[in-house]
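Coordinate inspection notes
Spelled out, the chains give:
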Amino acid sequence: MLQISIVIPTYNEKENLPELIEKIVNVFEKNNLHGNVIVVDDNSPDGTGHIANQLAEKNHRIQVIHRKGKLGIGTAHIVGFKHAIEVNHSDLIFSMDSDLSHDPKYLPDFINMHEKGFDVIVGSRYVDGGGVVNWGLYRKAVSKGANVLASTLLGVKVHDMTTGYRCYDRRVLEKLDLDSIKSNGYSFLEEILFFCKKEDFSISETPIIFVDRAHGKSKLSKKEMVKFFLTILRLKLKR
Ligand SMILES: Nc1nc2c(ncn2[C@@H]2O[C@H](COP(=O)(O)OP(=O)(O)OP(=O)(O)O)[C@@H](O)[C@H]2O)c(=O)[nH]1
Ligand SMILES: [Mg+2]
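Before going into details, it helps to say that this report is about the structure given with it. No experiment lies behind these values; they were computed from the predicted model shown. In this convention, every chain numbers its residues from 1, walking through the sequence in written order. Written order decides the labels, with chains lettered from A and ligands numbered from 1. Whole-chain, interface and lining totals are the exception, using all residues; otherwise, since this is a predicted model, local features are given only for residues with pLDDT of at least 70 and side-chain atom pairs are given and counted only at 80 or more.

1. Observations concerning the overall build of the chain
Heads up, the rule is: To qualify as a helix, a DSSP run of H or I must reach at least 4 residues; to qualify as a strand, a run of E must reach at least 2; elements of each kind are numbered from the N terminus. Using C-beta atoms placed from the backbone, we call a residue buried if 20 or more other C-beta atoms fall within 10 Å of its own, exposed if 12 or fewer do, and partly exposed for counts in between.
Of regular secondary structure, the chain possesses 8 helices and 9 strands. Counting only C-alpha atoms and orienting by the principal axes, one finds that the chain spans roughly 50 × 35 × 35 Å. In the chain, buried positions account for 43% of the 239 residues.

2. Remarks on the pairing of strand β2 (residues 34-41)
Here is the rule: A pair of strands is labelled paired if DSSP reports no fewer than 2 bridges between them. By convention a crossover is right-handed if, when the strands point away from the viewer, the path from the first strand over the helix to the second runs clockwise.
Of all the 8 residues making up β2, 7 are buried; the element is thus mostly covered by neighbouring parts of the structure. Summarising the sheet, strand β1 (residues 3-10) and β2 pair through 8 bridges and their orientation is parallel. Residue pairing in the sheet places V7 in a bridge with I38 of β2. For the crossover from β1 across helix α1 (residues 17-31) to β2, the handedness is right-handed. Two elements, β2 and strand β3 (residues 62-66), share 5 bridges in a ladder whose sense is parallel. Looking at the pairing, V39 lines up with V64 of β3. Between the parallel pair β2 and β3, the chain is carried across by helix α2 (residues 48-58), and the sense of this crossover is right-handed.

3. Section: the site of ligand 1
Worth spelling out the cut-off: Only the C-beta atom, placed from the backbone, is used; a residue is near a molecule or strand if that atom lies within 6 Å of it. The residue classification treats Ala, Val, Leu, Ile, Met, Phe, Trp, Tyr, Cys and Pro as nonpolar and Asp, Glu, Lys and Arg as charged. All others, Gly included, are polar.
Of all residues adjacent to ligand 1, which total 21 residues, the nearest are P9, A76, S98, S218 and K219. Every element with two or more residues in the shell around ligand 1 is listed here: β1, β2 and α3 (73-87). Grouping the amino acids of the shell around ligand 1 by side-chain chemistry returns 7 nonpolar, 6 polar and 8 charged.

4. Notes on the sheet that holds strand β8 (residues 203-207)
Applicable threshold: Geometry is summarised by axes, namely lines fitted to C-alpha atoms with helices restricted to the contacting stretch, and by angles between N-to-C directions that run from 0 to 180 degrees.
Across the sheet, which stays open at both edges, the 7 strands sit in the order β3-β2-β1-β4-β7-β5-β8 with mixed pairing between neighbours. The open sheet has two edge strands, β3 and β8, and neither has a second partner. Sheet twist, expressed as the average angle between the axes of neighbouring strands with direction ignored, equals 20°. Looking at chain direction, strand β5 (residues 120-124) and β8 are connected through 5 bridges and run parallel.

5. A look at the environment of G129
Mapped onto the elements, G129 comes out in the loop between β5 and β6 (131-133). Looking at G129, the number of C-beta atoms within 10 Å reads 11, which means it is exposed. For G129 and H60, which are 69 residues apart along the polypeptide, the C-alpha to C-alpha distance reads 35 Å.

6. Structural notes on the pairing of strand β7 (residues 166-169)
Both strand β4 (residues 92-95) and β7 contribute to a ladder of 4 bridges, which runs antiparallel. Within the sheet, the bridge partner assigned to S95 lies in β7 and is R166.

7. Re the packing of helix α7 (residues 188-198) against helix α8 (residues 222-238)
How we decide: Oblique is the label for any angle not under 35 degrees, not over 145, and not in the 65 to 115 range, which are roughly parallel, roughly antiparallel and roughly perpendicular in turn. Should the near helix be turned anticlockwise from the far one by less than a right angle, the crossing is left-handed, and should it be turned clockwise, the crossing is right-handed. The contact criterion used is a C-beta to C-beta distance within 7 Å, with each C-beta placed from the backbone.
As a packed pair, α7 and α8 sit with axes 9 Å apart at the nearest point and diverge in direction by 25°. It follows that α7 is roughly parallel to α8 by the angle criterion. Classified by chirality, the crossing of α8 by α7 is right-handed. Two secondary-structure elements touch here, α7 through E190, E191 and F194 and α8 through F228, T231, I232 and L235. For the contact of α7 with α8, the class distribution of residues is 4 nonpolar, 1 polar and 2 charged.

Below, the structure written as structure tokens:
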């Protein structure tokens, strides 16, 4: 039986996390899926970590990793991935944002693509059937531009390099030297895809409709956007 882990980084998501977990549990039950949810909380000042603990007490499938402070989504993913492999012995490892932008109803679509033989599956806003709800023109343009630039310059044939909704076969995460990934923030997402391609893993996309967060604040700062472009240059020079 396929064992799944879903890694969810959280920082100040108290309004969103309980609803997300409920949705995931429902999708698991409906589709007869088996596995765990790993919340990686960076000592959120709004008490998300405490709420995660309460959810874990009610459902043993929910696991919580607490870190001392805001260390970035990149390292949050890595800590979760290691837990998924070393502790849960999962076959399939997902990552998903905790702000309800990533709907768990798509989980079976990723699993179908994995069954077709793909090693990495990316939840894509920029393929047929995908899209974005509630974003203004500026946010759309920045995201689209960043994606075209990243995939062209890095030579990765993925239309959505910045999505955090993904699924990795465990072999991928075992093979990659996760600790050598230098990005600790959002550029982690492009960097890990670059390494997946370098190791010749097969990457595919499945459409998702991304819904902008209704609660809480975005953590995507201007500084992170600049780092995103610098990371492309660093990887490009390395290539
Ligand atoms: N553990 C941890 N989680 C983080 C950190 N920064 C962001 N996150 C989480 O990572 C996910 C993505 O962050 P968001 O702020 O939603 O970024 P985004 O989706 O690009 O931007 P918006 O949807 O506009 O807010 C969310 O679940 C955040 O709570 C961090 O430093 N540590
Ligand atoms: Mg978000």
